[in-house]
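# Chain and residue survey
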Amino acid sequence: MTIQQPTELTHAAMLGLGVHRPERVVTNDEICEVLDSSDEWIQTRSGIKTRRFAGEDETLIGMSTAAAERAMAAAGVTAEQVGCLIVATSTHPEHTPASAPQVATALGMTGTAAFDISAGCAGFCHALNLASSMVRSGAESHVVVVGVEQLSRFMDPTDRGTAFIFADGAGAVVVGPSDEPGIGPAAWGSDGSQAHVITQTPSCIGGHGTGQDHPVVQMEGTAVFRWAPFAMAEVAHEAMRLAGVAPDDLDAFIPHQANLRITQTLAKNIKLPESVAIATDVVDAGNTSAASVPLAMEAMLRQDEASAGDTALLIAFGAGLSYAGQVVTLPPLG
Ligand SMILES: CC(C)(COP(=O)(O)OP(=O)(O)OC[C@H]1O[C@@H](n2cnc3c(N)ncnc32)[C@H](O)[C@@H]1OP(=O)(O)O)[C@@H](O)C(=O)NCCC(=O)NCCS
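Residues numbered from 1 in each chain as written. Predicted model: local features only at pLDDT ≥ 70, side-chain atom pairs only at ≥ 80, totals over all residues. Heavy atoms only, no water.

Under an unreviewed UniProt entry, the name given to the protein chain is Beta-ketoacyl-[acyl-carrier-protein] synthase III, and the organism recorded is Nocardioides renjunii. Here is the UniProt Subunit (unreviewed entry) comment for the protein chain, exactly as written: "Homodimer." The Catalytic activity (unreviewed entry) comment attached to the protein chain in UniProt states, word for word, "malonyl-[ACP] + acetyl-CoA + H(+) = 3-oxobutanoyl-[ACP] + CO2 + CoA". (UniProt positions renumbered as here; feature names shortened; annotations may be inferred.)

Structure (structure tokens):
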């Protein structure tokens, strides 16, 4: 008995990009109404000037649906064509059920495979690698990938290490077949020995009786700063090696928007030529974790800092610790 498998390999690319940025813009001064900090300190240490928080009517599922709708319109792909939908998030309020089946249904999909993945701020690049592998293998023709977070619900507004950094938003792409390779192999990995660096506290198990009604994100910011700009430079070079691309071949560098100082130090450590445009969406959007790479991609395309068809290096890293990066061809914007 031979098990049947698709045998035709194809190339995969991002065919369309869409985002949802929540309407409410939150300034550093508003954050400092509760947090013991200042606009000047926040801008100097993180580059962040504003971020967006979801309003009462903007749910994680609603933001995901809006971003995916725009990505599908940009790709010219209908709900019937999508074989799988992956949501990368760490802030869906329920462990069960996952958010992705509800997003798929809201998009008019019926019977579509849909599941969530959790890889912290690296979630989108992990999901992109899964989607690319599915399309390349012939297992699915079109896969929607969503990166989404509603971190404003999971923050302690008085915590000086996190309250000014994290924010909300959603970004999505459609991955589908292509004449040319549009998504390079991923350089990805993890280091569970550093699980304590970015955590949720209290944990779902240990939180009862603490008086806290929901967990919040906690972070050893200095440890992240010591790790990311150096370890991720190696991951960047590995992603370029796997794709057969040199720094001079890149048009854009779109790292996870952790904070501006990490981005700048990482770009220096990678030794990117000055011709490479660097994403700085964190300044206006804050750190939106799994949503930050597609949001930063959209900002560069919208502001003409990069164009559809350009070659870009994506790198994402965060809780786990987990990381993933790949060289991609930028998609059209919805
Ligand atoms: C969070 C971060 C900005 C803090 O900067 P830092 O220089 O490491 O800050 P430290 O905790 O060492 O504190 C330095 C000083 O600032 C003060 N400080 C800390 N947080 C503050 C805040 N929010 N506002 C004002 N002052 C603050 C401290 O009290 C300390 O004061 P002191 O020198 O008088 O003792 C920095 O560690 C960072 O950018 N880390 C990476 C975080 C990140 O991007 N995470 C994303 C993960 S995906």
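Moving on from the coordinates now.
Okay, the site of the ligand next. Around the ligand lies a shell of 19 residues, among which S37, R45, M219, G221 and N259 are the nearest. One nitrogen or oxygen atom from the main chain of R160 is found 3.0 Å from a nitrogen atom belonging to the ligand. A distance of 2.9 Å separates a nitrogen atom of the ligand from a polar atom in the backbone of G221. Starting from 960 Å² of accessible surface for the ligand in isolation, the protein chains cover 69%. Secondary-structure elements contributing two or more residues to the shell around the ligand are α2 (39-46) and α6 (221-243). By residue number, the principal contributor to the shell around the ligand is α6, which donates 4 residues. In terms of residue class, the shell around the ligand is built from 10 nonpolar, 6 polar and 3 charged. Both domain 1 (11-178) and domain 2 (187-329) contribute no fewer than three residues apiece to the shell around the ligand. (Near = heavy atom within 4 Å. Polar contact = N/O pair within 3.5 Å; in protein donor to acceptor, adjacent residues only side chain to side chain. Areas by Shrake-Rupley, 256 points an atom, 1.4 Å probe, with all protein chains shown as cover. Helix = DSSP H or I, 4+ residues; strand = E, 2+ residues; numbered from the N terminus. Nonpolar A, V, L, I, M, F, W, Y, C, P; charged D, E, K, R; others polar. Domains from an automatic or database assignment.)

All right, on to the pattern of salt bridges then. Taken as a whole and assessed by the stated rule, the structure comprises 6 salt bridges. With a shortest N-O distance of 3.7 Å, R160 and D36 are connected by a salt bridge. Taken together, the residues span a long stretch of sequence, with R160 in the loop between β6 (143-150) and β7 (168-178) and D36 in the loop between α1 (28-31) and α2 at a distance of 124 residues. Both residues of the pair, R160 and D36, count as exposed. One salt-bridge network, held together by shared partners, links R21, D281, E298 and R302. (Salt bridge = Lys/Arg side-chain N within 4 Å of Asp/Glu carboxyl O. Buried < 20%, exposed > 50% of the residue type's maximum accessible area, 1.4 Å probe, protein only.)

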